[in-house]
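Close look at the chain arrangement
One-letter residues, chain by chain:
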Amino acid sequence: MSAAFSFALTATDGAARSGVISTPRGEIRTPAFMPVGTAATVKAMMPESVRATGADILLGNTYHLMLRPTAERIARLGGLHRFMNWERPILTDSGGFQVMSLAELRKLTEEGVTFRSHIDGSRHRLTPERSMEIQKLLGSDIVMCFDECPALPADDKRVAESMRLSMRWAARSKEAFGDRPGHALFGIQQGGVTQELRAESAEALRAIGFDGYAIGGLAVGEGQEAMFGVLDYAPGMLPEDKPRYLMGVGKPDDIVGAVARGVDMMDCVLPSRSGRTGQAFTRRGTVNIKNARHANDPRPLDEDCTCPACRNYSRAYLHHVFRAQEIISSMLLTWHNLHYFQEIMGGMRAAIAEGRFAAWQAAFHAGRAEGDI
Ligand SMILES: CO[C@@H]1O[C@H](CNc2nc3cc4c(=O)[nH]c(N)nc4cc3[nH]2)[C@@H](O)[C@H]1O
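Treat the numbers as computed from the prediction; the structure is a model and nothing was measured.

To continue, consider empty space enclosed by the protein. The final tally for this structure, using the stated rule, is one cavity of 30 Å³ or more. Space inside the largest cavity adds up to approximately 40 Å³. Looking at the lining of the largest cavity, the elements with two or more residues in it are strand 4 (32-35) and helix 15 (327-353). Classifying every residue of the lining of the largest cavity gives four nonpolar, two polar and three charged.

This brings us to the sheet that holds strand 7 (residues 104-108). Within a sheet, neighbouring strands are paired by backbone hydrogen bonds and run either parallel or antiparallel to one another. The three strands lie next to each other as 7-8-9, forming an open sheet whose pairing is antiparallel. Where the open sheet ends on each side, the last strands, each with one partner, are strand 7 and strand 9 (123-126). Across the sheet, the mean angle from the axis of one strand to that of its neighbour is 15°, orientation sign disregarded. Both strand 7 and strand 8 (residues 113-116) contribute to a ladder of three bridges, which runs antiparallel. The residue bridging K107 from the neighbouring strand is T114, located in strand 8.

Turning next to the environment of L138. Considering the arrangement of structural elements, one finds L138 in helix 6 (residues 128-138). Note on L138: relative accessible area 0%, which makes it buried. Considering only alpha carbons, one finds L138 and R73, 65 residues apart in sequence, at a separation of 9.3 Å. Beyond its immediate sequence surroundings of up to four residues, L138 is in contact with L65, A71, I74, G79, L80 and T92.

Rules used throughout
Residues numbered from 1 in each chain as written. Predicted model: local features only at pLDDT ≥ 70, side-chain atom pairs only at ≥ 80, totals over all residues. Heavy atoms only, no water. 1 Å grid on protein atoms, 1.4 Å probe; cavity = no way out; pocket = protein on both sides within 12 Å on 5 of 7 lines; lining within 4 Å. Points joined across faces, edges and corners; volume = space filled by probe spheres on them. Helix = DSSP H or I, 4+ residues; strand = E, 2+ residues; numbered from the N terminus. Nonpolar A, V, L, I, M, F, W, Y, C, P; charged D, E, K, R; others polar. Pairing = 2+ DSSP bridges. Axes fitted to C-alpha atoms, helices over the stretch in contact; angles between N-to-C directions. Buried < 20%, exposed > 50% of the residue type's maximum accessible area, 1.4 Å probe, protein only. Contact = heavy atoms within 4.5 Å.

Here it is as structure tokens:
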């Protein structure tokens, strides 16, 4: 176990990279996909099942946990790892994005954001300092700066003002974070889809200095083409020797395209959220298991998949338990989707290490249908 936080790049193949992040709670193989455990649980999954899918790290959310059960209660109970029975690394988002997308009656000032809880309407305030305090109480291994992610579409002036506020908040976050060996603080690049603003943000973050650098402000409805357009240059603006984390991404082909452009870490609710709605991701495309055509199908979701859902159950069974709204339906499809996302990551890590990423990427796309299969 490493006493400190460090990142080692082990291979590159074009812009794609593979490496290892070492933390006191274990190693994170990159490129890495982080399942989202918003309210101290990856929905419909036991922690040991999340680990069995191949996840090295999961994501928690400051916004949700500060509202319920509160960071102070989790700290009194031994911290988030103990509380949710996940002893490996946890990255927590800082709350800025979730406040803007979930909270009510928000008021944004230079100081921070005041808002009412979407749960019970209670009043709360988030500032860079309070976000750092909450993430410290939770005990997360990788802390995210408190930032503002502007909703798109937004004009350049609004994006520039928002980015510059986030850079001032990044400096305050760093100051409040202090010196915490074994814990990491990641800065978050903003700047929308404007290259000059992205460059200004990257320079501001480098000047402050962080253990890792996230690319924020994307996966907010801009679409894959615009997102890849930013990823054609944004990762290269960030320090090469630190992890690069693309927030909130994404569909399987988004993830592959992001890794091809130099991204090391990602998180997304998609595999778990879709698992609960009956959408399965497979190497041949997506399966909407509630569709009547699966009602009598004795085959597994994916003959080539080794997850419990594919090893032990037919599409007909999965179709039935979804139609019957049985709890096991969410468990099995979430497990399958997280397993498949980790298979993609493992395949890319091996391909990059062996210098065959382009061939792997071509094979990934060759086998996939566009619509539902
Ligand atoms: C497209 O799917 C929807 O959108 C979200 C994923 N997209 C996303 N973009 C993000 C950007 C940021 C950011 O700039 N800063 C911080 N601190 N956190 C972020 C978190 C993000 N998540 C899902 O919640 C889903 O509802």
